[in-house]
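The lines below spell out each chain.
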Amino acid sequence: MKQAKAGPTIPFSKARALVLAVLVFTLSFFISDAAVRAQDEFQLLEQTRVKIAVVEWDEAQGEYREWTALNGEYTVSPAGMISLPLVGQLEADGRTSQELADEISTALQKRTGLIAPPATTVEVVRYPSVFVTGSVERPGEFEFKPGLNVLQALAMAGGRVRRSDQAGGYSELEQIRYAGEIGRIDLQLLQLTIRRTRLETELVEDERVDFDAALQGRPLAGHAAQFVRDEQAIFEARRNAYERQRNALEELGTLFREEIRILGEKMVAQDRQIKIAEEELGNVAQLVKRGTVTKSRETGLERIVADLQSSRLDLAVASMRARQRLSETERDALSLEGSRRTEIGVELQRVNLEIDDLELRRGMTEQLLQATGASILRREDRAFEQQPLRFRILRGGDEKQRIEALETTGLEPGDVLDVQLDLLRASMPRASLESGMRQVQSR
């Protein structure tokens, strides 16, 4: 009896590698799909940075055409608005990326008169930051990622705070670090405030920048003097460049107007010559009928009249072209002014957002500096690193919600995670704590 031949076998190592590859591919698919779903469901908040791309199908060229004037990254303002060229301000706070993209497409269609709205995508490139404060090693601002929970945020902040001295308090080194951070933030605030003054002056087209309001009585020395000199140099360079471009367009428009005037005078003179030639042609035609002059004389005059009329048409075409170029020059002048105001407005919005962010960081750092003198309780029977932690999440706008959280609690963009030692649990005797836990479990 013949034995059936077994099929080709796969070595165990290759089979294991194949299984791992399939698992990795499947896991990456679910992770990416979850990230996309999280972004689609995320409602935009202030300080959310998004990337906007707008394309339109050009039937004449048979290809997609990008709207480069709109494509780019934008930040939701503290008022919950987003400002776009051609569209203006749109409300973004509380909307998803898809909802905002649909509104941009509709607004562009209405503004430009397109038959079909252009294709618009809105992608979140940076979520509002989360803030970790309290009993952590490095309190501060951290970038939010979808799926971030309390334990991960604690790890980003360096973990629980460690003793800086034998008494369990803060060291002078931390005080110096916080004071230096506040000094650096104040320097950045001064620079951005001076820059904002320059941008506001450019926006209203004043000839002189009043930096005294930005300095608020500070002496014009050191860094402040350098910032003022830099912004004054930028102001003068940008104003001179703008005036040169505007003057060049005005001179070009003047040349076109003069050309149109000269062409008009030539056409008037040409009309007079045509009239004289036609009258002479009429007289010669009468003489030809009487037989006084030959037919060739009449033919020559007809040729002269035709040449004069052809020259008259050339002058009319040249005048129309000059008027078209004049119209394009006037349109370029308006576009130059509009582009300049748009550029200044976008830069001013970015500077205002940076100032708001720095003021928030300064307030938090100042609170941390004030807290560096506080000491942390610790008991002899419990090591400092084993003290229990308590987590609170501050969420919302002006009236923040205080949420008691666990290590696995998920965070949202803009949350403030307050990490503190649970002094109530730490101060309880271990026997009482274990007894209380047993009572809770028995219930």
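Residues numbered from 1 in each chain as written. Predicted model: local features only at pLDDT ≥ 70, side-chain atom pairs only at ≥ 80, totals over all residues. Heavy atoms only, no water.

On the surface, Glu46, Glu91, Asp93, Asp356 and Glu359 cluster together into a negatively charged patch. Position of Glu46 relative to the elements: it lies in the loop between helix H1 (12-41) and strand E1 (49-58). (Patch = residues over 30% accessible without salt bridge, like charges linked within 9 Å, V, L, I, M, F, W, Y side chains within 5 Å. Areas by Shrake-Rupley, 256 points an atom, 1.4 Å probe, with all protein chains shown as cover. Salt bridge = Lys/Arg side-chain N within 4 Å of Asp/Glu carboxyl O. Lys, Arg positive; Asp, Glu negative; His and termini not counted. Charge placed at Lys NZ, Arg CZ, Asp CG, Glu CD. Helix = DSSP H or I, 4+ residues; strand = E, 2+ residues; numbered from the N terminus.)

Turning our eyes to something else, we now look at the confidence of the model for the protein chain. Taken as a whole, the protein chain shows an average pLDDT of 77; of its residues, 77% reach a score of 70 or greater. Note on residues 426-443: pLDDT under 50 across the span, and eight contacts to partners over four residues away in sequence or across chains. (pLDDT = per-residue confidence, 0-100. Contact = heavy atoms within 4.5 Å.)

As a further point, take helix H6 (residues 223-290). Under the 1.5 Å per step criterion, the end-to-end length of H6 is 101 Å for 68 residues, consistent within 8% with the ideal 100 Å. Just beyond H6, the residue with positive phi is Gly291, at close to 85°. (Expected span 1.5 Å × (residues − 1).)

When you line up the elements, Gly253 lands in helix H6. Of the residues examined, Gly253 reaches a relative accessible area of 4% and is grouped as buried. Setting aside residues up to four positions removed in sequence, Gly253 forms contacts with Leu326 and Thr329. (Buried < 20%, exposed > 50% of the residue type's maximum accessible area, 1.4 Å probe, protein only.)

We now examine the packing of aromatic side chains. One pass over the full model with this rule turns up two aromatic pairs. Relative to Tyr127, the ring of Phe42 has its centre 4.8 Å away and its plane inclined at 75°; by these criteria the two rings are edge-to-face. Highlighted residues: Phe42 in the loop between H1 and E1 and Tyr127 in the loop between strand E6 (119-126) and strand E7 (130-134), separated in sequence by 85 residues. For the pair Phe42 and Tyr127, a shared accessibility class is recorded, and that class is buried. (Phe/Tyr/Trp six-rings, centres within 6.5 Å; stacked < 30°, edge-to-face > 60°.)

The phi dihedral of Gln47 falls on the positive side, at around 70°, and the residue is not glycine. Among the secondary structure elements, Gln47 is positioned in the loop between H1 and E1. Its identity as a non-glycine residue notwithstanding, Leu86 has a phi of 70°, on the positive side. Its location among the elements puts Leu86 in the loop between strand E4 (81-84) and strand E5 (88-91).

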